[in-house]
Amino acid sequence: MTLVSIIMPTFNRADTIKRAIRSVQAQTFTDWELIVVDDGSTDDTAARIEGCDPRLKLIRQENQGTAGARNTGLRASAGSYIAFLDSDDEWLPHHLELCVRFLEAFPGEQFVTN
């Protein structure tokens, strides 16, 4: 079972999504799946990312907004932990490792935010 499911909603982000995905691929913590929910993009967002990583699951849907896309990603997730990353953002390479370490060190805590 995957430890961390990363949910990335996207809409017309062909110009930034590869950078966001590369920041996930560069993580020092590697037990993750990335669920990209293409929320009705009309550009070539989906075409730019298909097949770029076996841990990436692409879900395409009619536009439902960011919350709808996140909910779709949650339903498809298999991880014990959930992380959200917007498709126009990026993480530093140690982001997931630090979050997982914190949650394991403090099991009573329910979330990490930055």
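Residues numbered from 1 in each chain as written. Predicted model: local features only at pLDDT ≥ 70, side-chain atom pairs only at ≥ 80, totals over all residues. Heavy atoms only, no water.

Chemist: A description of the layout of surface pockets should follow, citing residues and the corresponding values.
Modeler: In this structure, the largest pocket encloses a volume near 670 Å³. As for the largest pocket, its lining consists of 26 residues, and the residues nearest its centre are A83, F84, H95, C99 and V112. Secondary-structure elements contributing two or more residues to the lining of the largest pocket are β4 (81-84) and α4 (95-105). Counting residues per element, the lining of the largest pocket draws most heavily on α4, at 6 residues. In the lining of the largest pocket, the residues fall into 15 nonpolar, 6 polar and 5 charged. (1 Å grid on protein atoms, 1.4 Å probe; cavity = no way out; pocket = protein on both sides within 12 Å on 5 of 7 lines; lining within 4 Å. Points joined across faces, edges and corners; volume = space filled by probe spheres on them. Helix = DSSP H or I, 4+ residues; strand = E, 2+ residues; numbered from the N terminus. Nonpolar A, V, L, I, M, F, W, Y, C, P; charged D, E, K, R; others polar.)

Chemist: Help me get a handle on the pattern of salt bridges, residues and values and all.
Modeler: Taken as a whole, this structure holds 7 salt bridges when the rule is applied. Between R101 and E97 there is a salt bridge, with the nearest N and O atoms lying 2.5 Å from each other. Of this pair, R101 and E97 both sit in helix α4, separated by 4 residues, roughly a single helical turn. (Salt bridge = Lys/Arg side-chain N within 4 Å of Asp/Glu carboxyl O.)

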